[in-house]
Amino acid sequence: MPRFAANLSLLYNDVDFLDRFAAAARDGFRAVEFLFPYAYAPAQLAALLQAHGLQQVLFNAPPGNWEAGERGIACIPGREAEFRNGMAQAVKYALTLGCPRIHVMAGLVPQGADASTVRNTYIANVRYAARLAARLAAPHGIHILLEPINGRDMPGFFLNRQDQAHALLAEIAEPNVKVQMDLYHCQIVEGDLATKIRQYLPTGNIAHFQIAGVPERHEPDVGELNYSYLFQLLDSLGWDGWIGCEYRPARGNAPHGTSDGLGWLKPWLQADVN
Ligand SMILES: O=C(O)C(=O)[C@@H](O)CO
Ligand SMILES: [Mg+2]
């Protein structure tokens, strides 16, 4: 049975970040994810999770200078020391938050960079991250996730396609590196979602899904995709992991805009309880 996590970076933007934990729990979520925790002390976030009975299921490693437009640094030659420091910080947060997954954003390919140098840099950095996470988080470990992202939202992003992610994963060859399959990005880049889920889920190399309506990135029941069909497919394939609700509510930041748009989730929360 798919289980749904609220993405607190995109949902509940009508309230301050620290108040979004309570809002998500009130709406029936039992898990949350968000992009970056680094503006807050890990213990403060851990206390909020505990107070509201929530699990942290995913967050991102430091992405470089986000405000300046950077979207990860894993593929950028010459930034290895910064990448390693960022990973040490991310693993520390993951341990305090009890979070079993860290998404390592690939980054934008630097203009004029040699393609094989960029690819090799990415592979070496992800391998480093995987080994660090395995060592510091033993015995349970932490999964390092790779997410293909569409080039319309992030022009120049290194990792766009599912087949590219799975080929890189095979080459990185670390057991705790997995794919984060965001169905919103996948639909925009390549489509044929059900076939791709059937192809990749049985490999055991997907450790997290994310969803949003396409093309507006609103609620999953807004747009061209039939998510009921896809959730039933995931269920029939035995997926009992998390699905991150990573969308921008159609009502924007209007008061209760996120909660009012959760009609699509009700049957699944109900099923989760039964
Ligand atoms: O954009 C997405 O999709 C994500 O999952 C983020 O982690 C990166 O912005
Ligand atoms: Mg995503």
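Residues numbered from 1 in each chain as written. Chains lettered and ligands numbered in written order. Predicted model: local features only at pLDDT ≥ 70, side-chain atom pairs only at ≥ 80, totals over all residues. Heavy atoms only, no water.

- The name that an unreviewed UniProt entry assigns to the protein chain is Hydroxypyruvate isomerase, with the source organism given as Comamonas odontotermitis.

**A closer look at the packing of aromatic side chains**
Inference 1: By the definition in use, this model includes 16 aromatic pairs.
Inference 2: Where Tyr 122 meets Phe 158, the ring centres are 4.9 Å apart and the plane angle is 50°; that geometry is what we call tilted. Taken as a pair, Tyr 122 in helix H4 (residues 115-136) and Phe 158 in the loop between strand S5 (143-146) and helix H5 (162-172) lie far apart in primary sequence, 36 residues in all.
Inference 3: Of the residues examined, Tyr 122 reaches a relative accessible area of 0% and is grouped as buried.
Inference 4: Taken together, a centroid distance of 6.2 Å and an interplanar angle of 40° make the contact between Phe 231 and Trp 264 tilted. Of this pair, Phe 231 sits in helix H8 (residues 227-236) while Trp 264 sits in the loop between helix H9 (257-260) and helix H10 (266-273), and the two are 33 residues apart along the sequence.
Inference 5: Exposure remark for Phe 231: the relative accessible area of 2% places this residue in the buried category.
Inference 6: For Arg 3, the ring lying beneath its charged end belongs to Trp 242, and the centroid distance is 4.2 Å.
Inference 7: Geometry around Trp 66 places Arg 71 over its ring, the cationic atom sitting 3.6 Å from the centre. (Phe/Tyr/Trp six-rings, centres within 6.5 Å; stacked < 30°, edge-to-face > 60°. Helix = DSSP H or I, 4+ residues; strand = E, 2+ residues; numbered from the N terminus. Buried < 20%, exposed > 50% of the residue type's maximum accessible area, 1.4 Å probe, protein only. Lys NZ or Arg CZ within 6 Å of the ring centre and 35° of its normal.)

**Digging into the site of ligand 1**
Inference 1: In the vicinity of ligand 1, 14 residues are found, and the nearest of them are Asn 60, Glu 147, His 185, Arg 217 and Glu 246.
Inference 2: Side-chain polar atom of Asp 182 to an oxygen atom of ligand 1: 3.0 Å apart, as the coordinates give it.
Inference 3: Measuring from an oxygen atom of ligand 1, one finds a side-chain N or O atom of Glu 246 at 2.8 Å.
Inference 4: Partitioning the shell around ligand 1 into residue classes produces five nonpolar, five polar and four charged. (Near = heavy atom within 4 Å. Polar contact = N/O pair within 3.5 Å; in protein donor to acceptor, adjacent residues only side chain to side chain. Nonpolar A, V, L, I, M, F, W, Y, C, P; charged D, E, K, R; others polar.)

**Examining the pattern of salt bridges**
Inference 1: Enumeration according to the criterion identifies ten salt bridges in this entry.
Inference 2: Salt-bridge contacts for Asp 163 lead to Arg 161; the nearest nitrogen and oxygen are separated by 3.1 Å.
Inference 3: Taken together, the shared-partner salt bridges connect Arg 161, Asp 163, Glu 190 and Lys 196 into one network. (Salt bridge = Lys/Arg side-chain N within 4 Å of Asp/Glu carboxyl O.)

**A short note on the environment of Leu 262**
Inference 1: Here Leu 262 lies in the loop between H9 and H10.
Inference 2: Each C-alpha atom, one on Leu 262 and one on Asp 221, is 9.4 Å from the other, the two residues being 41 residues apart in sequence.
Inference 3: Sequence-distant contacts of Leu 262, defined by excluding residues within four places in its chain, comprise Tyr 12, Asp 27, Phe 29 and Tyr 247. (Contact = heavy atoms within 4.5 Å.)

**Overview of the coordination of the magnesium ion (ligand 2)**
Inference 1: The protein atoms that coordinate the magnesium ion (ligand 2) are Glu 147 (OE), Asp 182 (OD), Gln 210 (OE1) and Glu 246 (OE), at distances spanning 2.0 to 2.1 Å.
Inference 2: Coordination geometry of the magnesium ion (ligand 2): the six donor atoms subtend angles of 77 to 172° at the metal centre, consistent with an arrangement described as octahedral.
Inference 3: In primary-sequence terms, the residues that donate to the magnesium ion (ligand 2) follow E-x34-D-x27-Q-x35-E. Highlighted residues: Asp 182 in strand S6 (residues 177-182) and Gln 210 in strand S7 (residues 206-211), separated in sequence by 28 residues. Summarising the burial analysis for this pair, Asp 182 and Gln 210 share the class buried. (Donors = N, O, S within 2.8 Å, 3.2 Å for Na, K, Ca; no water. Tetrahedral: all angles 85-135°; square planar, octahedral: opposite > 155°, others 65-115°.)

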